[in-house]
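Observations on the three-dimensional arrangement
What follows is the residue order along each chain.
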Amino acid sequence: MKFEKKEKNLITFILYDSIHNSVFKSQILSPLLNMLKKNKTLKIHLISFEKTIPPKKLLTNFENIKRLNIFFLKRFPFFGKLSLYFAIFQLKKLFKKIHSQSIICRGPLAGWITIKVLKNLNIKAIPIKIQARGLCAQEYRFATQKLKENFIKRLLRKFIYKSLEKIEIETFKKHTENKFNIEIESVSHALSQYLVKNFKTDPCKIILATKDIPQKLSNEKKKDWRNKIRKKLEIADEKFVYCYSGSTKPWQCLPQTMDYFKKEYKKNSNNFLLLLSNDKKEIVQILKTKNLPKKSYKFLSVDPKELQKYLCACDAGFLFRDKDIINWVSRPTKMLEYIASDLKIIHNHTVSWLSDQKENQI
């Protein structure tokens, strides 16, 4: 990889968890486009590892973005470090062809692959930013812990968990022996503390992520959208509107959320629940079990581009999570959307960011 002066405004962003990830547009593409907008001489290489190469129609959409070049590399199912070596081979081959002045890696897998490649190419001076968005091994453990499987599959799960944890340790540890210029971008103070304690990360190398945090709406814009959406949905201005925005996945705790609202509605029938989700069938089933009065809620599926308008029609947003380390260190996208819309957040003290507002100001 050559680092010429003419390429001083060229960044390479490496993504291992696919452009099809639900947060790709909001947390990856949008910040990159903002960087291009602010710096007219900046160019960005986006390298994404994919199970299958995206269709030509999607590729055309990327080609229309000026100064953004996208490269798709093959990704195999994860079954330990061995499954990442073809990714290393591909990235090394690509790095011999493209230029870059700094590298951003999203997550420990992308970071681990990149460090291996740069070490192999004997490149140490280039700045590397590794985005820590959560705990990879712990998230895998949480997602699979309730599965009823045989002994062999449980052993395989344990092997994958241990492999992910080793990769995290190797990625986030101090790299003094190789003198890599690495910076760790964490989403919360709780995650930063976890990295230092469990992965021996250098605290001086950790910064807090801010570029993917949406800006708060102006009072005028919020008031305008509030009035328009309430009028459209026929929700009286005096109603106190609670919002649930998201899916019906178990970790979203929708049943617990509805139980909470049901109690609040019994206290005051002026309370109202606005459900925003694309999981229509599942929502309807849960509503039947909770026996909420029909006049106490509305359920809608809205275009993601229109979501914030509907959030502005509300007064408070629900964010309940299970008590687990993955939630404690997280910075939920839903939380950021609520904050941008200036909503009071109703939570159950399972997310450090919400429980300790003094440490986590945005």
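Residues numbered from 1 in each chain as written. Predicted model: local features only at pLDDT ≥ 70, side-chain atom pairs only at ≥ 80, totals over all residues. Heavy atoms only, no water.

Things to note about the environment of Tyr85
This is how the line gets drawn: Elements are defined by DSSP. Helices are runs of H or I of four residues or more, strands are runs of E of two residues or more, and each kind is numbered from the N terminus.
Its place among the elements puts Tyr85 in helix α3 (residues 85-95). Along the backbone, Tyr85 and Leu275 are 190 residues apart, and their C-alpha atoms lie at a distance of 44 Å.

As for helix α9 (residues 254-267)
For clarity, the cut-off: The length a helix should cover is 1.5 Å for every residue beyond the first. Summary of the burial criterion: residues with accessible area below 20% of their type's maximum are buried, those above 50% are exposed, and those between are partly exposed, where the area comes from a 1.4 Å probe applied to protein chains only. Within this analysis, the arc is defined by the directions that extend from the helix axis to the C-beta atoms.
Between its terminal C-alpha atoms α9 stretches 20 Å, which fits the 20 Å expected from 14 residues at 1.5 Å a residue. Looking only at α9, the buried set comprises Leu254, Thr257, Met258, Phe261, Glu264 and Tyr265. One face of α9 carries all of its buried residues, which in axial projection span an arc of 120 degrees. The exposed set on the far side of α9, more than 90 degrees from its buried face, consists of Lys263, Lys266 and Lys267.

Topic: the side chain of Arg331
Using the following cut-off: Any pair of nitrogen or oxygen atoms within 3.5 Å is treated as a polar contact; in protein, a donor-acceptor pairing is required on top of that, and neighbouring residues in sequence qualify only through side-chain atoms on both sides. We call two residues contacting when some pair of their heavy atoms lies within 4.5 Å.
Here Arg331 is to be found in the loop between α12 (325-328) and α13 (333-340). Separated by 3.2 Å, the side chain of Arg331 and the backbone oxygen of Ala209 make a polar contact. Sequence-distant contacts of Arg331, that is, excluding residues within four places in its chain, are made with Val187, Ala209, Asp212, Ile213, Leu336 and Trp353.

Let's talk about the packing of aromatic side chains
Rules: Pairing of aromatic rings covers Phe, Tyr and Trp, the last counted by its six-membered ring, and requires centre-to-centre distances within 6.5 Å; plane angles under 30 degrees mean stacked, over 60 mean edge-to-face, and any other angle means tilted.
Counted by the stated rule, this structure contains 13 aromatic pairs. Here the aromatic rings of Phe240 and Tyr242 are separated by 5.0 Å at their centres, their planes lie at 65 degrees, and the arrangement is edge-to-face. The exposure class of Phe240 is partly exposed, given its relative accessible area of 31%. Exposure remark for Tyr242: the relative accessible area of 6% places this residue in the buried category.

Looking at the sheet that holds strand β12 (residues 344-347)
Strand pairing in a sheet relies on backbone hydrogen bonds. The paired strands run either parallel or antiparallel. Note the following rule: The pairing criterion for strands is at least two bridges between them, as found by DSSP. Helix axes are fitted only over the stretch in contact, all axes being lines through C-alpha atoms; the angle between N-to-C directions runs from 0 to 180 degrees.
The strand order β10-β9-β8-β11-β12 describes an open sheet built from five strands, whose pairing is parallel. Of all the strands in the sheet, the pair left with one neighbour each is β10 (297-300) and β12. Across the sheet, the mean angle from the axis of one strand to that of its neighbour is 25 degrees, orientation sign disregarded. Across the face of the sheet, α13 comes into contact with β8 (240-245), β11 (316-319) and β12 while running at roughly 150 degrees to β8.

Some details on the sheet that holds strand β1 (residues 10-15)
Taken in spatial order, the seven strands of this open sheet run β3-β2-β1-β4-β5-β6-β7, and their pairing is parallel. With partners counted over all chains shown, the strands left at the sheet margins are β3 (68-74) and β7 (206-208), one partner each. On average, each strand axis in the sheet is inclined to that of its neighbour by 20 degrees, with strand direction left out of account. Alignment of strand β4 (residues 102-106) against strand β5 (residues 128-132), held across four bridges, turns out to be parallel. Bridge pairing in β5 places Ile104 opposite Lys129. Here helix α1 (residues 24-38) sits on the sheet in contact with β1, β2 (43-50), β3 and β4, set at roughly 160 degrees to β2.

Regarding helix α10 (residues 280-290)
The α-helix winds at 3.6 residues per turn, so residues separated by three or four positions along the chain end up facing the same way. Within α10, the full set of buried residues consists of Ile283, Ile286, Leu287 and Lys290. Viewed end-on, α10 has its buried residues packed into an arc of 105 degrees, placing them on one side of the element. Away from its buried face, by an angle of more than 90 degrees, α10 presents the exposed residues Lys281, Lys288 and Thr289. Along its buried surface, α10 packs onto α9, β9 (271-276) and β10. Following α10 by one or two positions, Asn291 has its phi on the positive side, about 55 degrees.

Quick look at the packing of helix α4 (residues 107-120) against helix α6 (residues 151-172)
Counted only if it meets this: Throughout, the term roughly parallel applies to angles under 35 degrees, roughly antiparallel to angles over 145, roughly perpendicular to angles from 65 to 115, and oblique to all others. For any helix crossing, the convention is left-handed if the near helix is rotated counterclockwise from the far helix by under a right angle, and right-handed if that rotation is clockwise. Each residue gets one label: Ala, Val, Leu, Ile, Met, Phe, Trp, Tyr, Cys and Pro are nonpolar, Asp, Glu, Lys and Arg are charged, and the others, such as Gly, are polar.
Contact geometry for α4 and α6: axes closest at 9 Å, N-to-C directions at 60 degrees. The angle between α4 and α6 places the two elements in the oblique class. Our pair here, α4 against α6, has a crossing hand that is left-handed. Contact residues: α4 offers Pro108, Leu109, Gly111, Trp112, Ile115 and Lys116, while α6 offers Leu164, Ile167, Glu168, Glu170, Thr171 and Phe172. When its residues are assigned to classes, the contact of α4 with α6 shows seven nonpolar, two polar and three charged.

Some points on the nonpolar core
Rule in force here: As used in this record, nonpolar core signifies buried Ala, Val, Leu, Ile, Met, Phe, Trp, Tyr and Cys residues forming a set joined through side-chain atoms within 4.5 Å.
Of all hydrophobic cores here, the largest spans 45 residues; its most connected members are Ile14, Leu91 and Phe95. With seven residues, α4 is the largest single contributor of residues to this core. Aside from chain neighbours lying at most four places away, what touches Leu91 is Ile14, Ile47, Phe49, Leu73, Ile113, Thr114 and Val117.

Quick word on the pattern of salt bridges
How we decide: Put simply, a salt bridge is a Lys or Arg side-chain nitrogen that is within 4 Å of an Asp or Glu carboxyl oxygen.
Taken as a whole and judged by the stated rule, the model has 13 salt bridges. Between Lys129 and Glu185 there is a salt bridge; the shortest N-O distance is 3.7 Å. Within this pair, whereas Lys129 is found in strand β5, its partner Glu185 is found in strand β6 (residues 182-186), the two being separated by 56 residues in sequence. When sorted by exposure, Lys129 lands in the same class as Glu185, which is buried. Asp315 is paired through a salt bridge with Arg226; the nearest N and O atoms lie 3.1 Å apart. Of this pair, Asp315 sits in the loop between α11 (307-311) and β11 while Arg226 sits in helix α8 (residues 219-233), and the two are 89 residues apart along the sequence. Relative accessible area serves as the criterion here: at 16%, Arg226 is assigned to the buried category. Taken together, the salt bridges that share partners define one network made up of Arg226, Arg230, Asp237 and Asp315.

Scope: geometric values only; no functional claims are made or implied.
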